[in-house]
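Observations on chain architecture
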Amino acid sequence: MQDHQLYQQILGITAPWRVENVELQLNEGEVHVYLGHESQTLWKCPECEALCPLHDHDSERSWRHLDTCQYRTILHAAPPRARCPVHGVRVVRLPWAEPHSRFTALFERLAIDWLKAASQKAVADRLGLSWDEVHGIMDRAVKRGLARREQEMIAYLGVDEKSFRKGHKYLTVVNDLSRGRVLYVAEDRKQSSLDGFWSTLTKEQLEWIEGVALDMWAPYEQSIRAHLPKAEEKMVFDKFHVAKHLSEAVDKVRRTENKELLEEGDERLKGTKFDWLKGRDKFDLAAWRAFCQLRRSNLRTARAWALSEQAMKLWTFSYERAAHKHFNWWYRWATRSRLKPMIDKAKMLISHLPNILTYLKHGITNATSESINSKIQWVKYTARGFRNCDNFKNAIYFHCGGLDLLPRST
Ligand SMILES: [Zn+2]
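The notes below deal with the structure included here. (Residues numbered from 1 in each chain as written. Predicted model: local features only at pLDDT ≥ 70, side-chain atom pairs only at ≥ 80, totals over all residues. Heavy atoms only, no water.)

Side note on the packing of aromatic side chains
- Throughout the structure, instances matching the rule amount to 15 aromatic pairs.
- Taken together, a centroid distance of 5.7 Å and an interplanar angle of 40° make the contact between Phe 327 and Trp 330 tilted. Of the two residues, Phe 327 and Trp 330 are both situated in helix H12 (residues 320-335); the distance of three residues between them amounts to about one turn of the helix. We note that Phe 327, like Trp 330, is buried. (Phe/Tyr/Trp six-rings, centres within 6.5 Å; stacked < 30°, edge-to-face > 60°. Helix = DSSP H or I, 4+ residues; strand = E, 2+ residues; numbered from the N terminus. Buried < 20%, exposed > 50% of the residue type's maximum accessible area, 1.4 Å probe, protein only.)

A word on the sheet that holds strand S12 (residues 181-187)
- One open sheet accounts for five strands, arranged S12-S11-S10-S13-S14; its pairing is mixed. For this open sheet the edge positions go to S12 and strand S14 (235-237), each flanked by a neighbour on one side alone. Adjacent strand axes in the sheet meet at a mean angle of 25° when their direction is disregarded.
- This element, helix H5 (residues 191-198), spans strand S10 (156-164), strand S11 (169-176) and S12 of the sheet and lies at about 135° to S12.
- Across the sheet, helix H16 (residues 389-400) is in contact with S10, S11 and S12; its angle to S12 comes to roughly 175°. (Pairing = 2+ DSSP bridges. Axes fitted to C-alpha atoms, helices over the stretch in contact; angles between N-to-C directions. Contact = heavy atoms within 4.5 Å.)

Topic: the sheet that holds strand S8 (residues 80-84)
- Taken in spatial order, the three strands make up an open sheet running S5-S8-S9, and their pairing is antiparallel. Both edges of this open sheet fall to strand S5 (54-57) and strand S9 (88-91), since each of them pairs with a single strand only. Within this sheet the neighbouring strands show an average axis-to-axis angle of 30°, counted without direction.

A few points about the nonpolar core
- Residues Leu 157, Phe 197, Trp 198, Ile 224 and Trp 330 are the most contacted members of the largest nonpolar core, which totals 93 residues.
- When near neighbours in sequence (up to four residues on either side) are disregarded, Trp 330 contacts Leu 246, Leu 307, Gln 310, Ala 311, Ala 346 and Leu 349.
- With 21 residues, the next largest nonpolar core counts Cys 52, Trp 63, Leu 75 and Ala 97 among its residues. (Core = buried A, V, L, I, M, F, W, Y, C linked by side-chain atoms within 4.5 Å.)

Describing the coordination of the zinc ion
- Those donors, Cys 45 (SG), Cys 48 (SG), Cys 84 (SG) and His 87 (ND1), are the protein atoms that reach the zinc ion, and they lie 2.1 to 2.3 Å from it.
- One can describe the site at the zinc ion as tetrahedral: its four donor atoms subtend angles covering 106 to 113° at the metal.
- Counting along the primary sequence, the residues that act as donors to the zinc ion give the motif C-x2-C-x35-C-x2-H. Remark: Cys 84 occurs in strand S8 and Cys 45 occurs in the loop between strand S3 (43-44) and strand S4 (51-52); sequence separation between them is 39 residues. Comparing Cys 45 with Cys 84 shows no difference in burial state: the two are buried. (Donors = N, O, S within 2.8 Å, 3.2 Å for Na, K, Ca; no water. Tetrahedral: all angles 85-135°; square planar, octahedral: opposite > 155°, others 65-115°.)

Details of the pairing of S8
- Going residue by residue along S8, you find Pro 80, Ala 82 and Cys 84 tucked away on one face and Arg 81 and Arg 83 left uncovered on the opposite face.
- Here S5 pairs with S8 via three bridges, running antiparallel. Note that in S8 the partner of Asp 56 across the bridge is Arg 81.
- Summarising the sheet, S8 and S9 pair through four bridges and their orientation is antiparallel. What sits directly across from Cys 84, in S9, is Gly 88.
- Taken together, S8 and the strand that follows it, S9, pair antiparallel across an intervening segment of three residues.

Observations regarding unusual backbone geometry
- The omega torsion of the bond from Ala 15 to Pro 16 falls at 5°, within 30 degrees of zero and hence cis.
- In this structure, Pro 16 sits in the loop between helix H1 (2-10) and strand S1 (17-25).
- In this structure, Arg 338 takes a positive phi of about 60° despite not being glycine.
- Mapped onto the elements, Arg 338 comes out in the loop between H12 and helix H13 (340-357).

Quick notes on the pattern of salt bridges
- Counting across every chain of the model gives 31 salt bridges.
- Across the salt bridge formed by Arg 90 and Glu 47, the nearest N and O atoms sit 2.8 Å from each other. Of the two residues, Arg 90 sits in strand S9 while Glu 47 sits in the loop between S3 and S4, which places them 43 residues apart along the sequence.
- Here Glu 248 ties to Lys 345 by a salt bridge, and the two come within 4.0 Å at their closest N and O atoms. (Salt bridge = Lys/Arg side-chain N within 4 Å of Asp/Glu carboxyl O.)

Spelled out as C-alpha cells, the structure:
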C-alpha cells in the first residue's frame, strides 16, 4: 500500500485518479503503474466541458512516463468515456497526456527539451526511443506550436531556398526577418511551393508586409506578384544572391584565362580562385600585396573582378537617382567589356534592376536570416534518419520556428 502512495506522489496523480497497483519488473528494468479512479465521478465532455456521467471505459492504454529511480516507468489506465447529452459518448481528456500520445506530457516535455539541445540520435539512444517515436514527438510539438502561433504582424519577409539531399531536392523557406524565425517551409522551389504560404496569413497580415527579400528566381516572383498587394514596390532581390552571380562570372573568366596562361607557362592565376572571392580582412599583409598586384594587372580576370566590385557599390547609395546613374555607367562598361560571363550578368541585372533598387527603400537582405540558415545547417547535420521531406520540414519548424512546443502539463 505504501508504494502506491509513494508513486501517486512522485507521479503527481491527483483525484479522481489514484494508483491502484505497482508492478516492478526487475529484469526489464521497468515499473508498471496501474491507475484507476473513484467511482462516483462526473467527467468533462472533451468538446463542451459539461460534466457528464460515465458511460464505460475504452480499452486499457499505456503511456511512457519519466523514469523513476532509473526504471523505465509506464502508466496504464482505461480511459473513461463520458456520455454528453449534446456530443454523445466521448473519451475524456486525461490529465497526464495529450490525446493519441503514447507518452505522458511530462515525458514529452523532457524529450522536447533534450531534442532542442542534442542530436536526434543522442536523444533516441538516451531515452530508448525509436526514430518513429522521436519523429512523432517532434511532429506533435510542431503541430501544437503552429496552432498556438499568434496572428502577429510581420513587416519583412525573406524567401529562401534550401537544398536537401545534396542538391537533389529543395525546400522553400519563408523567414520573419525581424524576429529571425522560420514561418513556413514547403517542398520544392516552384511557384506552388510559395503559393501555400500566403493562405496562412490573414488579410491584415498580408497588407502589413512592407518588403520581401528573395533570390532572382522567377517562380518566387510570380507567386509574390500573384498574392501580395503592391508587390512591385515590395520585392527586393537579395544583395548576396547578386554577389554570388557576379562571383561565378568572375570565376568563369578566371578559369578560361588561367588555362590560356598555363599553356604559355604563365602561372599568375594558378591557385587564386578564392583570392578573387574573399574580402581584404581574410588576407595577411604579404598575400594582400601580391593580390593587389594581380588586381591592378591587365588580366581579364582583374577587369571582371573590378566590374563585380563596382556593381556591388549599388547597395551603398542612399538615393535611387544616383544609384540609377551608377548602374547605367556600369552597364555600359560591362556590356563593352568583351567578357561574355560579365555581359550575361549585366543583362540579368538590368532586367531585374527595379527590384534590386527597392533595397534602397527597405534595406533588407536574406543575410538577416543568416542565424536561421546556420541553424538549418545544424539541423541537417545533427538530424539523420529523415526518411522523407516531412521530417526535415518538421525539424526546421522545431528548431527555427520560435514556436511554443511544449504540451500543457497539468
Ligand atoms: Zn459535450
